[in-house]
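# What the coordinates show
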Amino acid sequence: KEDNWKANELRMKECFEKREETIKLDVRGQLFTAPKRVFATKFGNYLHAIVSSEISVPSNNGTYFIDCYPGTFGRILSYLSSGLMSLDGMNKFETDTLLASMEYLLIDDITTP
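Attention in this report is confined to the structure presented alongside it. (Residues numbered from 1 in each chain as written. Predicted model: local features only at pLDDT ≥ 70, side-chain atom pairs only at ≥ 80, totals over all residues. Heavy atoms only, no water.)

### Digging into the packing of aromatic side chains
In this structure the tally under the stated criterion is three aromatic pairs. For the pair Phe32 and Phe73, a centre-to-centre distance of 5.1 Å together with 65° between the ring planes defines the contact as edge-to-face. Highlighted residues: Phe32 in strand β2 (residues 30–35) and Phe73 in helix α4 (residues 70–82), separated in sequence by 41 residues. Residues Phe32 and Phe73 agree in their burial class; the two are buried. Plain terms: the ring middles of Tyr46 and Tyr104 are 5.7 Å apart, the flat faces sit at 50° to each other, and that makes the pair tilted. With Tyr46 in helix α3 (residues 46–52) and Tyr104 in helix α5 (residues 92–104), this pair connects stretches of sequence that are 58 residues apart. Judged by its relative accessible area of 41%, Tyr104 falls in the partly exposed class. (Phe/Tyr/Trp six-rings, centres within 6.5 Å; stacked < 30°, edge-to-face > 60°. Helix = DSSP H or I, 4+ residues; strand = E, 2+ residues; numbered from the N terminus. Buried < 20%, exposed > 50% of the residue type's maximum accessible area, 1.4 Å probe, protein only.)

### A few points about the sheet that holds strand β1 (residues 22–27)
The strand order across the open sheet formed by three strands is β2-β1-β3, and the pairing between neighbours is mixed. Single-partner strands in this sheet number two, and they are β2 and β3 (63–66). Neighbour to neighbour, the strand axes of the sheet diverge by 30° on average, direction disregarded. Contacting β1, β2 and β3, α4 runs over the sheet at an angle of about 5° to β2. (Pairing = 2+ DSSP bridges. Axes fitted to C-alpha atoms, helices over the stretch in contact; angles between N-to-C directions. Contact = heavy atoms within 4.5 Å.)

### Re a nonpolar patch on the surface
Taken together, the side chains of Tyr46, Tyr104 and Leu106 make up a nonpolar region of the molecular surface, amounting to roughly 300 Å² of accessible area. When its relative accessible area of 32% is taken as the criterion, Tyr46 is described as partly exposed. (Patch = residues over 30% accessible without salt bridge, like charges linked within 9 Å, V, L, I, M, F, W, Y side chains within 5 Å. Areas by Shrake-Rupley, 256 points an atom, 1.4 Å probe, with all protein chains shown as cover. Salt bridge = Lys/Arg side-chain N within 4 Å of Asp/Glu carboxyl O.)

### Description of the pattern of salt bridges
Under the criterion given, the structure shown has three salt bridges. Close ionic contact of Arg28 with Asp67 constitutes a salt bridge, the shortest N to O distance being 2.8 Å. With Arg28 in the loop between β1 and β2 and Asp67 in the loop between β3 and α4, this residue pair connects regions lying 39 residues apart in the sequence. A relative accessible area of 48% places Arg28 in the partly exposed class.

### Observations regarding the side chain of Thr97
Looking at the secondary structure, you find Thr97 in helix α5. A polar contact is formed between the side chain of Thr97 and the backbone oxygen of Glu94, at a distance of 3.0 Å. The contact partners of Thr97, leaving out residues within four places of it in the chain, are Tyr69 and Thr72. (Polar contact = N/O pair within 3.5 Å; in protein donor to acceptor, adjacent residues only side chain to side chain.)

### Overview of the environment of Thr63
Note on placement: Thr63 falls in strand β3. Look at Thr63 and you get buried, because its relative accessible area is 6%. Counting along the chain gives 36 residues from Thr63 to Leu99, while the straight-line C-alpha distance between them is 23 Å. Those residues in contact with Thr63 that lie beyond four places of it in its chain are Lys24, Asp26, Leu31 and Pro58. Only 2.7 Å separates the side chain of Thr63 from the side chain of Asn61, close enough to count as a polar contact.

And the structure:
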């Protein structure tokens, strides 16, 4: 049991050393958290500017407020992470709000599978 304990401690230490800095976003009251590197993948968009600018600072609770529709914001984070955007299963309202949010965030180079 002691060997298992030491192996688990070593694994935990390795995980903590490798963990990435995360950014917390408050999207109209819904919290989203993602690795900081996700926001740096598409240079020049609003989210990239938030995390790389010295002017932008998080609120007292450590989040950045984003005025976008939270129902489709997860797809934006997935797009920034993977480079692919899926519109599968979305109705017209969701598609329109997703596209409006991407325009607001200055993300315009959408690739869909």
